[in-house]
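Commentary on secondary and tertiary structure
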Amino acid sequence: MTSNAGVPRACPRCRKREIRSLGLASSQLQWFTCKACQHVWAHGAAPESVPTPIPTASGSHKHVLVADDDTSVLGMVERALSDYRVSTAHDGSEALAILSTQKRVDLLITDYLMPAMTGEELAHHARRLRPDLKILVLTGHANALERAEPAWWASEPHVIKPFRVVTLRDAVSDLIGPA
Ligand SMILES: [Zn+2]
């Protein structure tokens, strides 16, 4: 039996109702896009249901920080990478606060389009704090972004929404290795 978490009624960004499914991200999570504003988001499992990651015997977890204003994406990434240590931030300033207080952060995963601070701006500020920080960009607007910021686009690895959980795991593993 599959549990259908339902279809969202309106776009979480612009509130328009012309939305389209882009397929499954995992068994309980589905990608949607808005025809009006082109926002891409994941809908399904509630982030509250994310199980606490079980620490490995070694206790030496690689630390991944995820910044996205979409809580469904935060929950999905947290679950997809539950063998790593994962911290979540809802915007750029929250991510920078975590970066400035945590001893170890191996990877920053950031959404590109966030209110107040874009993923690109966050990446610049984050590298001031940690010059060697690995960064992975999530975006649902790859073509527009590549046109607008070709140099930056070419210089940072990215995963394009909608993505499958396995694609994200492979990208993380390429950057920082297994947990
Ligand atoms: Zn919209």
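Just so you know, the residues in each chain are numbered from 1, in the order the chain's sequence is written. Since the coordinates come from a predicted model, pLDDT governs what is reported: local features require at least 70, and pairs of side-chain atoms require 80 or more to be given and counted, while whole-chain, interface and lining totals use all residues. Side-chain measures were taken over the full set of non-hydrogen atoms in the model, leaving aside hydrogen atoms and water.

1. Looking at helix α2 (residues 92–101)
What counts, and what does not: Remark: exposure states derive from per-residue accessible area (1.4 Å probe, protein chains only) relative to the maximum for the residue type, with buried under 20%, exposed over 50%, and partly exposed in between. Under the DSSP-based scheme used, a helix requires at least four consecutive residues in state H or I and a strand at least two consecutive residues in state E, with every element numbered from the N terminus. The arc under discussion is defined with respect to the helix axis, by the directions toward the C-beta atoms. Contacts between residues were defined by any pair of non-hydrogen atoms, one from each residue, lying within 4.5 Å. Distance and chemistry together define a polar contact, namely a pair of N or O atoms within 3.5 Å, with one atom able to donate a hydrogen and the other to accept it when in protein, and with adjacent residues in sequence counting only for side-chain atoms on both sides.
Those residues of α2 that fall on the buried side of the exposure criterion are Gly 92, Ala 95, Leu 96, Ile 98 and Leu 99. The buried side chains of α2 occupy one side of the element, clustering within an arc of 160° when seen end-on. Each element contacted by the buried residues of α2 is listed here: β4 (63–67), β5 (85–89) and α3 (119–129). Measuring from the backbone nitrogen of Ser 93 back to the side-chain oxygen at the start of α2 gives 3.2 Å, which picks out Asp 91 as the cap.

2. Details of the side chain of Lys 62
To keep it simple, the criterion reads: His is not counted here, nor are the chain ends, while Lys and Arg score as positive and Asp and Glu score as negative. In the sections that follow, a salt bridge refers to a side-chain nitrogen of Lys or Arg positioned within 4 Å of a carboxyl oxygen of Asp or Glu.
Tracing the backbone shows Lys 62 in the loop between β3 (40–44) and β4. Among buried charged residues, Lys 62 stands out as having no salt bridge; its nearest opposite-charge side chain is Asp 106, 6.6 Å away. In this structure the side chain of Lys 62 is engaged in a polar contact, spanning 2.9 Å, whose partner is the backbone oxygen of Pro 178. Excluding its chain neighbours within four sequence positions, the residues that come into contact with Lys 62 are Tyr 84, Arg 85, Arg 104, Asp 106, Ile 176, Gly 177, Pro 178 and Ala 179.

3. Focus on unusual backbone geometry
Backbone torsion omega between Lys 161 and Pro 162 reads 0°, so that peptide bond is classified as cis. Residue Arg 15 is not a glycine yet carries a positive backbone phi of 70°. Looking at where Arg 15 falls in the secondary structure, it is placed in the segment before β1 (19–26). Classification of Arg 15 as exposed rests on a relative accessible area of 58%. In this model, Ala 116 sits at a positive phi of 75°, which is unusual for a non-glycine residue. One can find Ala 116 in the loop between β6 (107–111) and α3.

4. Focus on the coordination of the zinc ion
Condition: For Na, K and Ca the donor cut-off is 3.2 Å, and for all other metals it is 2.8 Å, counting N, O and S atoms only; because water is absent from this set, sites may look incomplete. For a four-donor site, all angles between 85 and 135 degrees give tetrahedral; for four or six donors, opposite pairs above 155 degrees with the remaining angles between 65 and 115 give square planar or octahedral; all remaining cases count as irregular.
Distances from the zinc ion to its protein donors, Cys 11 (SG), Cys 14 (SG), Cys 34 (SG) and Cys 37 (SG), fall at 2.3 Å. Here the zinc ion binds four donor atoms, and the angle range of 104 to 118° at the metal identifies the geometry as tetrahedral. Going along the chain, you hit the donors of the zinc ion in the pattern C-x2-C-x19-C-x2-C. Taken as a pair, Cys 14 in the segment before β1 and Cys 34 in strand β2 (residues 29–34) lie far apart in primary sequence, 20 residues in all. Residue classification places Cys 14 among the partly exposed positions, given a relative accessible area of 27%. Judged by its relative accessible area of 1%, Cys 34 is buried.

5. Side note on the pattern of salt bridges
As enumerated under the stated definition, the model contains six salt bridges in all. Asp 83 serves as the salt-bridge partner of Arg 169, at 3.0 Å between the closest nitrogen and oxygen. Pair noted here: Arg 169 is in helix α6 (residues 165–176) and Asp 83 is in the loop between α1 (71–80) and β5, with a separation of 86 residues, a long-range link. On the accessibility criterion, Arg 169 (30% relative accessible area) is partly exposed. For Asp 83, a relative accessible area of 29% puts it in the partly exposed group.

6. With respect to the packing of α2 against α3
Pairs of packed helices are described in terms of their axes, by the angle between the two and the distance that separates them. As a reminder, the rule being used: Structural elements are reduced to axes, namely lines fitted to C-alpha atoms, with helices fitted over the stretch in contact, and the angle between N-to-C directions of any two is expressed from 0 to 180 degrees. An angle counts as roughly parallel when it lies under 35 degrees, as roughly antiparallel when it exceeds 145, as roughly perpendicular when it falls between 65 and 115, and as oblique in every other case. Left-handed is the label given to a crossing in which the near helix is rotated counterclockwise from the far helix by less than a right angle, and right-handed is the label when the rotation is clockwise. Side-chain classes follow a simple rule in which Ala, Val, Leu, Ile, Met, Phe, Trp, Tyr, Cys and Pro form the nonpolar group, Asp, Glu, Lys and Arg form the charged group, and the remainder, Gly included, forms the polar group.
The geometry of α2 relative to α3 is characterised by a closest axis approach of 10 Å and an angle of 10° between their N-to-C directions. Looking at the two axes, α2 sits roughly parallel to α3. Viewed along their axes, α2 and α3 form a crossing whose handedness is right-handed. Contacts between α2 and α3 pair Gly 92, Ala 95, Leu 96, Leu 99 and Ser 100 from the former with Leu 122, His 125, Ala 126 and Leu 129 from the latter. Within the contact of α2 with α3, the residues separate by chemical class into six nonpolar, three polar and no charged.

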